[in-house]
Amino acid sequence: MAVAGCTGGGVQGMPGAAGLRDPYFPKAGNGGYDAVHYGLTLDYAPGSGKLTGTAEITATAQQALSSFHLDLDGMDVDSVDVDGKGARFSRSGQELVVRPADDLAKGRTFRTVVHYSGVPKTVEDPDGSEEGWIETDDGALAVGEPVGSMAWFPGNHHPADKAAYDVAITVPRGYEAVSNGVLKSRTENGGHTSFRWHSAEPMASYLATLAIGRYTVRTTTADNKAGVPVYTAVTPGLAKKAGPVLDRIPEVVAWGAGRFGPYPFAATGAIVERDGALGYALETQTRPLFAGAPDVDLLVHELAHQWFGDSVTPRTWKDMWLNEGFATYAEWLWEEDHGGLTAQERFDAFYDEDTEADPEADGDYWAFPPADPPGPEHISDDPVYYRGAMVLHKIRQAAGDKAFFAMVRGWTADHRHANASTEEFTAYAERATGRDLSEVWDVWLRGDGKPDER
Ligand code: ARG
Ligand code: ZN
């Protein structure tokens, strides 16, 4: 018997949830489906600043769906199809609600095609910094952490739903367009150049990037220490300053592989924009983004994120210290391995707030426990970085070097290309080192204020 609202195959779906209930960004991401692939076909006109796009999103329904949400902040949506049939859609804030012609059965893989266009917006972070779409002197940058990616393509914008990507981007001749992964083709066609970028390994949407500008690009084959091709794009004028640092990418990647386990991606590289184009650097997958020529420590930090954050991705934004603590500790380890302060000396400087030993040891990192930022505006604050690194050093002290580094390599192997939470990490670290680390967790990871003893 036909029931109202019951369609074609007789599936009766329910609406998918509008968010994934992230403790800091409850509306980020959406429930009811798992995105497996994004195919973005984009055209950018630097003069008008207009982006015209088609997003093909392949996803699997985790429940029977009558409707589902995508996140998209700004832009005009021209049409939405699901499996080739026109779908109804509506918009409210960052939510793009799609109502397919036929309800979708649980387990079904379906393809949503969104045609959209407009001048993408710059989003202000809860902490006041800028993300989303940033226009530069000669192009634009797409930066996604934590919730900026919804400014330039519709998707399931929460780190818990990682997917493969293909990004095709067309720009006027004379411009370069850089995204994540491997460059499949670069073709000139009349007055335009088209680039096809491919990321086979899963990527959280906040790590997707696009950089359009008159960059100087360099590509190598995999025949280097990193064992994967290196693709760098540097804004004019910074080539000389950035060059010697970027030349060390293969060395840093090889060092990281020794410390943290095999490099997780098929390519590496960097994008160097002008000084001040952005207030921070970002670990965009396979191709970290810098505003100004980085120094080696910053390069090490962003490349270390390829293991911590990009391959092993936080389950929620509360787990941010797993990204920043590890990336900061990687800088300490690099220094230790290259004739600088040892990690112990660095740890001591931070405990003693000795800014002579380390200018960053200014004591701003005691404000809250790394695993518990007091709000979304604090997920990139000093305690997440420096005290996060101190937590890792405390584990190393308790376990000894051999067990500690084996644990780190096991952690990146176990959660490669996946997600992990703080609770999974603490349980893993205890299992892998065979130690009761509850004091480290209670005092350093979760305790309020500066610990009484180092
Ligand atoms: N994850 C970046 C890094 O440490 C920093 C991002 C800062 N973002 C922000 N909204 N404050 O490499
Ligand atoms: Zn970082």
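Analysis parameters
Residues numbered from 1 in each chain as written. Chains lettered and ligands numbered in written order. Predicted model: local features only at pLDDT ≥ 70, side-chain atom pairs only at ≥ 80, totals over all residues. Heavy atoms only, no water. Helix = DSSP H or I, 4+ residues; strand = E, 2+ residues; numbered from the N terminus. Rg over C-alpha atoms; globule rule 2.2 N^0.38 Å. Buried < 20%, exposed > 50% of the residue type's maximum accessible area, 1.4 Å probe, protein only. Contact = heavy atoms within 4.5 Å. Areas by Shrake-Rupley, 256 points an atom, 1.4 Å probe, with all protein chains shown as cover. Lys, Arg positive; Asp, Glu negative; His and termini not counted. Charge placed at Lys NZ, Arg CZ, Asp CG, Glu CD. Arc of directions from axis to C-beta. Phe/Tyr/Trp six-rings, centres within 6.5 Å; stacked < 30°, edge-to-face > 60°. Near = heavy atom within 4 Å. Polar contact = N/O pair within 3.5 Å; in protein donor to acceptor, adjacent residues only side chain to side chain. Nonpolar A, V, L, I, M, F, W, Y, C, P; charged D, E, K, R; others polar. Donors = N, O, S within 2.8 Å, 3.2 Å for Na, K, Ca; no water. Pairing = 2+ DSSP bridges.

Novice: Describe the overall build of the protein chain, and please don't skip the residues or the numbers.
Specialist: Scanning the protein chain from N- to C-terminus turns up 9 helices and 23 strands. Its C-alpha radius of gyration of 22 Å places the protein chain within 12% of the 22 Å reference for a compact globule of 454 residues. Considered along the principal axes of its C-alpha atoms, the protein chain spans approximately 70 × 55 × 40 Å. Counting all 454 residues of the protein chain, 56% fall into the buried class. Of all intrachain contacts in the protein chain linking residues separated by at least 6 positions in sequence, the fraction that spans at least 24 positions is 67%. Element-wise, carbon and sulfur atoms account for 48% of the exposed surface of the protein chain, whose accessible area totals about 17,100 Å². Of the charged side chains in the protein chain, 39 are positive and 68 negative, and the gap between their average positions amounts to 7 Å.

Novice: Go over helix α9 (residues 438-445), please, and point to the residues and values.
Specialist: Looking at α9, one finds that the buried residues are Val440, Trp441, Trp444 and Leu445. Relative to the axis of α9, the buried residues are bounded by an arc of 105° and lie together on one face. The outward face of α9, more than 90 degrees from its buried face, is lined by the exposed residues Glu439 and Asp442. Along its buried surface, α9 packs onto α4 (320-337), α5 (343-352), α6 (382-399) and α8 (422-433).

Novice: Give me the lowdown on the packing of aromatic side chains, citing residues and values where you can.
Specialist: Evaluation of the coordinates by the stated rule reveals 37 aromatic pairs. Taken together, a centroid distance of 6.4 Å and an interplanar angle of 75° make the contact between tyrosine 33 and phenylalanine 110 edge-to-face. One end of the pair, tyrosine 33, is in strand β2 (residues 33-45); the other, phenylalanine 110, is in strand β9 (residues 109-118), and 77 residues separate them in sequence. For the pair shown, tyrosine 33 and phenylalanine 110 are each scored as buried. Between the aromatic rings of tryptophan 133 and tryptophan 152, the centroid separation amounts to 6.4 Å while the plane-to-plane angle is 45°, which identifies the pairing as tilted. Of this pair, tryptophan 133 sits in strand β11 (residues 130-136) while tryptophan 152 sits in the loop between β12 (139-143) and β13 (163-172), and the two are 19 residues apart along the sequence. For tryptophan 133, a relative accessible area of 1% puts it in the buried group.

Novice: Please provide a residue-by-residue account of the site of ligand 1, values included.
Specialist: The environment of ligand 1 is made up of 14 residues, and the closest members are Asp125, Asp127, Glu145, Glu302 and Tyr385. At 2.3 Å from a nitrogen atom of ligand 1 is found a side-chain nitrogen or oxygen belonging to aspartate 125. Within the contact set of ligand 1, a nitrogen atom lies 2.9 Å away from a side-chain nitrogen or oxygen of serine 129. Classifying every residue of the shell around ligand 1 gives 4 nonpolar, 4 polar and 6 charged.

Novice: Describe in detail the coordination of the zinc ion (ligand 2), supporting the description with residues and values.
Specialist: For the zinc ion (ligand 2), the full set of protein donor atoms is His301 (NE2), His305 (NE2) and Glu324 (OE), and the range of their distances to it is 1.9 to 2.0 Å. All donors to the zinc ion (ligand 2) come from one chain, and their sequence spacing reads H-x3-H-x18-E. For the pair histidine 301 and histidine 305, one class covers both residues: buried.

Novice: Now, about the pairing of strand β8 (residues 95-99): what can you tell me, with residues and values included?
Specialist: Both strand β4 (residues 65-71) and β8 contribute to a ladder of 4 bridges, which runs antiparallel. Residue pairing for β8: phenylalanine 68 is matched across the bridge by valine 98. In this antiparallel pair of consecutive strands, strand β7 (residues 88-92) and β8, the connection spans 2 residues, and glycine 93 shows a positive phi of 60°.

Novice: Tell me about the environment of glycine 86, residues and numbers included.
Specialist: Along the chain, the position of glycine 86 falls in strand β6 (residues 85-86). The spacing of glycine 86 and proline 262 is 176 residues in sequence and 44 Å in space, taken between C-alpha atoms. Every residue in contact with glycine 86, bar those within four places of it in the chain, is listed here: Val80, Asp81 and Ala101.

Novice: Describe the pairing of β11, listing the residues and the values that go with them.
Specialist: Within β11, 5 of the 7 residues are buried, which leaves the element mostly enclosed by the surrounding structure. As paired elements, strand β10 (residues 122-124) and β11 share 3 bridges and run antiparallel to each other. Paired with valine 123 across the bridge in β11 is glutamate 131. With 5 bridges connecting them, β11 and β12 associate as antiparallel partners. Bridged to glycine 132 within β12 is valine 143. The antiparallel hairpin formed by β11 and β12 contains 2 residues in its connecting segment.

This is a description of form; function is not addressed.
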